[in-house]
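Observations on the three-dimensional arrangement
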Amino acid sequence: MRTRTAGTARRTGTVAALAALVLGVTAACGGDDADGKKPDASASGTAEARDPKDPGQVSEPPALEDQPKTVNPEVKGVGAGGGKELTKAELDAAVLATGDVPTFKSGPMDGPPEQGESADKPDCAPLTAMINGKPEPEPSAVIYRQLVGAKTGRPAISEFLATHGTQGATTLFNRLSEAVKNCEDGFKGTGAGSTSTYAAVKRLDVPKAGDDTLAYQVTGEFEGDPVPMVFQVVRVGGTVATFYTANFEGTTTPEIPSILLATQAVKLK
């Protein structure tokens, strides 16, 4: 399989949009925006740690044995466990920040493009909603962050933290779990005049955290090659945190350290 670096990839549907989210920029990675300008990698706040031509930033997470085994005792909850619908300011206080997990730094990230994809199968719509970076049901508030290794500046793991209220958050989890099961054989996404192919969906193991936890992989295509995209989702009361990343350099499932989910769950409670 040929090398696929972030700096040379062309636009191919929302898989490219996901690449943009993973890298913390708002245009498809390696492409020009509508004005013919190059994407601004500084949107994540960590541009000095990332070379857009360095494929390692999306495919080489720190060794899992180097990750903390327990949640930092200095992390305190914000009281979202009772189902409270947080304000945007409260989400900002609750989202993972630099120092919460010593091996990661957190920086701001722009939200997703306005236009996303729609699934060709109604059962798979919850999956495209997450790929679009716009969970359904629509949250009353949402914020976006990018997490990178404190020492290496990689991997790029993106997070969005959304508040729905308990009913909306539970509905999101139930629909997403069903979609993972019903769409194992894949689906197609259409939008902005392009079609993306998602060849397979599978559930992944993840340690329990918060009130509900779910991890799954969607295998998309980028320049004709398979792209494993991993999502880890945790619910605490009416708030849902989603972590996601992708491997543009091979078929190995990219790993998201479970300490991120565990710490975010503790910070929300």
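What you see is a predicted model, and the numbers here were worked out from it, not measured in a lab.

**A look at the overall build of the chain**
Across its full length, the chain carries six helices and 10 strands. When burial is assessed residue by residue, the chain has 52% of its 269 residues classed as buried. Considering only contacts within the chain whose residues lie at least 6 apart along the sequence, 66% involve residues at least 24 apart. Accessible area for the chain stands at about 11,400 Å²; split by element, carbon and sulfur atoms hold 48% of it.

**A short note on the sheet that holds strand β5 (residues 187–191)**
On the basis of which strands lie adjacent, the open sheet formed by three strands has the order β2-β5-β6 and antiparallel pairing. The strands lining the two open edges of the sheet, one partner per strand, are β2 (118–119) and β6 (194–198). Here β2 runs beside β5; their pairing, made up of two bridges, is antiparallel. Paired with A119 across the strands is G189, a residue of β5.

**A few points about unusual backbone geometry**
The step from E136 to P137 runs through a cis peptide bond, and the omega angle for that step is 5°. Inspection of the secondary structure assignment puts P137 in the loop between α4 (125–131) and β3 (141–149).

**Observations regarding the nonpolar core**
Counting 31 residues, the largest nonpolar core has L127 and Y216 as its most contacted members. When contributions to this core are tallied by element, the ones reaching two or more residues are α4, β3, β4 (157–163), α5 (166–182), β8 (212–222), β9 (225–236) and β10 (239–246). Take this core: its biggest share by element is six residues, from α5. In this view, L127 contacts L176, A179, V180, C183, F187, V201 and Y216; residues no more than four positions away in its chain are not counted. Membership of the second largest hydrophobic core comes to 25 residues, among which are L91, A141, L260 and L261.

**What about the state of the cysteines?**
One way to say it: the disulfide is the covalent bond shared by the sulfur atoms of two cysteines. For the structure on display, the rule yields one disulfide. Two residues, C124 and C183, share a disulfide whose sulfurs are 2.0 Å apart. With the S-S bond torsion at -115°, the cross-link from C124 to C183 turns out left-handed. Of this pair, C124 sits in the loop between β2 and α4 while C183 sits in the loop between α5 and β5, and the two are 59 residues apart along the sequence. On the basis of relative accessibility, which here comes to 0%, the residue C124 falls in the buried class.

**Structural notes on the confidence of the model for the chain**
Model confidence for the chain is summarised by a mean pLDDT of 79, while 76% of its residues fall at 70 or above. Note on residues 1–17: pLDDT is under 50 here. Beyond four places in sequence and across chains, it has 64 contacts. Counting interchain partners and residues more than four positions distant, the pLDDT-below-50 stretch residues 20–62 has 106 contacts.

**As for the sheet that holds strand β1 (residues 104–108)**
Across the sheet, seven strands lie side by side as β1-β3-β4-β10-β9-β8-β7; this open sheet has antiparallel pairing. Here the strands that pair on one side only, and so sit at the sheet edges, are β1 and β7 (200–204). Between one strand axis and the next, the sheet turns through 25° on average, direction left out of account. Across the sheet, α5 touches β7, β8, β9 and β10, and the angle it forms with β8 is around 50°.

**What to know about helix α6 (residues 258–268)**
Of all 11 residues making up α6, eight are buried, and the element is well covered by its neighbours. Burial in α6 covers these residues: I259, L260, L261, T263, Q264, A265, K267 and L268.

**Thoughts on the pattern of salt bridges**
For the coordinates displayed, the defined rule picks out six salt bridges. A salt bridge links K84 to E90; the nearest nitrogen and oxygen atoms lie 2.7 Å apart. You can call K84 partly exposed: its relative accessible area is 38%. The salt bridge involving E178 is made with K181; its shortest N-O contact spans 3.3 Å. Of the two residues, E178 and K181 both sit in helix α5, three residues apart, roughly one turn of that helix. For K181, a relative accessible area of 48% puts it in the partly exposed group. Sharing partners across several salt bridges, the network here consists of D211, D212 and R235.

**Overview of the side chain of D100**
Along the polypeptide, D100 turns up in the loop between α3 (88–94) and β1. Residue classification places D100 among the buried positions, given a relative accessible area of 12%. A polar atom in the side chain of D100 sits 2.8 Å from the backbone nitrogen of A97. Of the polar contacts made by the side chain of D100, one reaches the side chain of K267; its length is 2.5 Å.

Reading guide: rules and limits
Residues numbered from 1 in each chain as written. Predicted model: local features only at pLDDT ≥ 70, side-chain atom pairs only at ≥ 80, totals over all residues. Heavy atoms only, no water. Helix = DSSP H or I, 4+ residues; strand = E, 2+ residues; numbered from the N terminus. Buried < 20%, exposed > 50% of the residue type's maximum accessible area, 1.4 Å probe, protein only. Contact = heavy atoms within 4.5 Å. Areas by Shrake-Rupley, 256 points an atom, 1.4 Å probe, with all protein chains shown as cover. Pairing = 2+ DSSP bridges. Core = buried A, V, L, I, M, F, W, Y, C linked by side-chain atoms within 4.5 Å. Disulfide = S-S within 2.5 Å. pLDDT = per-residue confidence, 0-100. Axes fitted to C-alpha atoms, helices over the stretch in contact; angles between N-to-C directions. Salt bridge = Lys/Arg side-chain N within 4 Å of Asp/Glu carboxyl O. Polar contact = N/O pair within 3.5 Å; in protein donor to acceptor, adjacent residues only side chain to side chain.

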